[in-house]
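Residue-level structure breakdown
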Amino acid sequence: MGHLIPEDVVESVRQANPIEDVVSSYFPLKPVGRNLVARCPFHAEKSPSFNVNPERQIFKCFGCDKAGDVFTFVRELERLDYPSAIRFLARRANISIDEGPGTEAGEREEIRKALEWATRLYETALRQEPAGEPGRAYLRGRAMERPSWDRFRLGFAPDGADFLRSSARRQGLSDALLRKAGLVSERRSGDLIDFFRGRVMFPIQDPQGRTIAFGGRTLDEERHPPKYLNSAESPLFHKGSTLYGLHQGRLEISREREAIVMEGYTDVIMAHQCGVPCAVAALGTALTREHLVILERFADRVFLLFDGDEAGEKATFRSLDLFLDSSLEVRVLALSGGVDPFDFLKARGGKALEDLLDDASEIFEFLWRRLQARMADASPPAQLHALGEILERVARLPDELKREVWLRHIAERTGFSADALRARAKAPAPTRTPAPPSPAPAAPPENATERAQVWLSALLAMRPDFRTAFREDPDLAAALDPDWRAAAERILHAPALPGGDILAAAVAGIENDALKARIIESALQIEPGESMDRLYEDCAGFLRDRSARRRREALQAARSTPLDAASLERNLRATYATYREGSPLPEAWTEKKS
């Protein structure tokens, strides 16, 4: 059974975590009027439709309709349940919550604490312990300066089977916790040993700067292979959705709206050291769609910078397909001569890299050069196969004009006709005089009753005095449809927030996400002031009139229908069902009875 968090603690956590601060810790927000906007983190989009309202402490995406308060945002983004989202934000605000034993949230928090403890242990070993001298020598030999050590929290795991484990025992950390955190592994004999040994340690951090995993670079590949070793995936760490260096570079990336994607830890660290702080890296894997979603929150343009060897070019080529459906502008730069970004930066500095980036290739220029290299001296079937690869990618471009430009560009360079290439790419031929598109059918107007219930619910969420009036008006409550009546009940039971905004708390308990989103959307459109009182009376009056009209119609129908035994039984059953739902007895039946 879940550990219940007291309501006063929940509200303390809410007030200690302004939604605009929490959201901007993940990605930048831009002021637009009274709201703050950004590209939505919950779906891919080219124009920002994600809105945060600091005054009312809610968010709403007008693209995917997700909406809610700060707890909803964290719950959706971090993939947590509601209690875990509360605990997540409590940690952020240094608010202590008494955790019940064995809860999932408690376990995640214990793992997080163990990883932070290990980060400090490795940092201390690198900087102060005699056993850390090999790590210090390696970093000095690689020209990594002390400020870079501190910026990225570099550390060292000394050679030996139980450096970390013995330290953990002195701190009272159990072997079971160390295993869950990926800090120890099991030998064939069953004995536990440190997972990282004889390695320079690179803490892998989330965008908030919390350690979620480690990467380790061996100093003795014969004794401790492989060269690089990452933590296993865990409840905190997913390799395909983590970018190394994002925590350190996200502010600069947000300001410049540009990111440079490199291959490794040391590439990123040297880039930052040389004054190029927009660098990030995938963790030993090709870029994923999740990586692109993260990049889209911070940047408009991405440079792919990979090693100049064949493996680096193949890695670049694998990544490009993802960008064809992305809103990001992509440029590609492969360093010549097999040089990796680290060595290039170390030898020539950040300014030289920035100069090269100015001449980076647009995505199809890179593909075209690769195509030319493959077609040279190739057999006709091989040439057609290579040409087909680029045409398949041209066909995927969502912009018709851009697709047509590239088809003509390839036609000029290959001698094939644009029509033949278009047919091969399965791209539609443009018409010279396109017929005007038929107008889309207008969306049906929202049902007036539905609209009144939406506005009334929003007003209840925004003003406690409206809630008081609603409680004293049972006819108005009975006039609501069942789903809206349930939402109103949740709002009526929302806690009072002295000195705080009540809207976020009012909608938090509504379980129907669709209704919650519509209430928030309506609340964002309501201007505070006397007009709210008029709107409340208009909605309430409309719903009361509708309810009375329905009762009159039911009465007329009842009077015109002979009350035989079957009809009487149906009326009694309907009355009993209505009574069980909490509505007053129908006038139609009571008047007929008298």
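Source: prediction; values computed, not measured.

The rules behind these values
Residues numbered from 1 in each chain as written. Predicted model: local features only at pLDDT ≥ 70, side-chain atom pairs only at ≥ 80, totals over all residues. Heavy atoms only, no water. Axes fitted to C-alpha atoms, helices over the stretch in contact; angles between N-to-C directions. Helix = DSSP H or I, 4+ residues; strand = E, 2+ residues; numbered from the N terminus. Parallel < 35°, antiparallel > 145°, perpendicular 65-115°, else oblique. Left-handed = near helix turned anticlockwise from the far one by under 90°. Contact = heavy atoms within 4.5 Å. Nonpolar A, V, L, I, M, F, W, Y, C, P; charged D, E, K, R; others polar. Pairing = 2+ DSSP bridges. pLDDT = per-residue confidence, 0-100. Patch = residues over 30% accessible without salt bridge, like charges linked within 9 Å, V, L, I, M, F, W, Y side chains within 5 Å. Areas by Shrake-Rupley, 256 points an atom, 1.4 Å probe, with all protein chains shown as cover. Salt bridge = Lys/Arg side-chain N within 4 Å of Asp/Glu carboxyl O. Lys, Arg positive; Asp, Glu negative; His and termini not counted. Charge placed at Lys NZ, Arg CZ, Asp CG, Glu CD. Buried < 20%, exposed > 50% of the residue type's maximum accessible area, 1.4 Å probe, protein only. Phe/Tyr/Trp six-rings, centres within 6.5 Å; stacked < 30°, edge-to-face > 60°. Lys NZ or Arg CZ within 6 Å of the ring centre and 35° of its normal.

Once that is clear, we can look at the packing of helix H22 (residues 482-492) against helix H24 (residues 513-525). Closest axis-to-axis distance for the H22/H24 pair is 11 Å, and the angle between their directions is 70°. Viewed along their axes, H22 and H24 adopt a mutual orientation that is roughly perpendicular. Taken as a pair, H22 and H24 cross one another with a handedness that is right-handed. Residue-level contacts link Asp483, Trp484, Ala487 and Ile491 of H22 to Leu515, Arg518 and Ile519 of H24. The residue inventory of the contact of H22 with H24, partitioned by class, reads 5 nonpolar, no polar and 2 charged.

This part is about the sheet that holds strand E10 (residues 211-218). Spatial strand order, E6-E9-E10-E11: 4 strands in an open sheet with antiparallel pairing. Single-partner strands in this sheet number two, and they are strand E6 (155-157) and strand E11 (228-230). Taking the axes of each pair of neighbouring strands and ignoring which way they run, one obtains an average angle of 35° across the sheet. Summarising the sheet, strand E9 (residues 199-205) and E10 pair through 7 bridges and their orientation is antiparallel. Among the inter-strand pairings, Pro203 is bridged to a residue of E10, identified as Phe214. Contacts from helix H6 (residues 133-141) reach E6, E9, E10 and E11, with the element oriented near 75° to E9.

Below, the discussion takes up the confidence of the model for the protein chain. Detailed conclusions should not be drawn from predicted coordinates in areas where pLDDT is low. Taken as a whole, the protein chain shows an average pLDDT of 83; of its residues, 86% reach a score of 70 or greater. Contacts from residues 427-445, a stretch scored under 50 in pLDDT, to residues over four places away or in other chains number 9 contacts. For the stretch residues 578-594, pLDDT sits under 50, and the model shows 22 contacts to residues farther than four places along the chain or on other chains.

Among the surface-exposed residues, Glu256, Glu354, Asp358 and Asp359 lie close enough to one another that they form a single negatively charged patch. You can see Asp359 is positioned in the loop between helix H14 (341-358) and strand E16 (361-362). Its relative accessible area of 64% is what places Asp359 among the exposed residues.

This model, assessed by the stated rule, comprises 19 aromatic pairs. When the ring of Phe152 is compared with that of Tyr244, the centres are 5.9 Å apart and the planes differ by 25°; the resulting orientation is stacked. A residue pair is termed long-range when its members are at least 10 positions apart, and Phe152 in the loop between helix H7 (146-151) and E6 and Tyr244 in the loop between E11 and helix H10 (246-256) qualify at 92 residues. Tyr244 shares its class with Phe152; the two are buried. Grouping aromatic residues by their ring pairs yields a cluster made of Tyr26, Phe27, Phe42, Phe50, Phe59 and Phe73. A cation sits over an aromatic face here: Lys60 above Phe62, 5.7 Å from the ring centre. The lysine or arginine in question, Arg142, covers the ring of Phe342, its NZ or CZ lying 3.9 Å from the ring centre.

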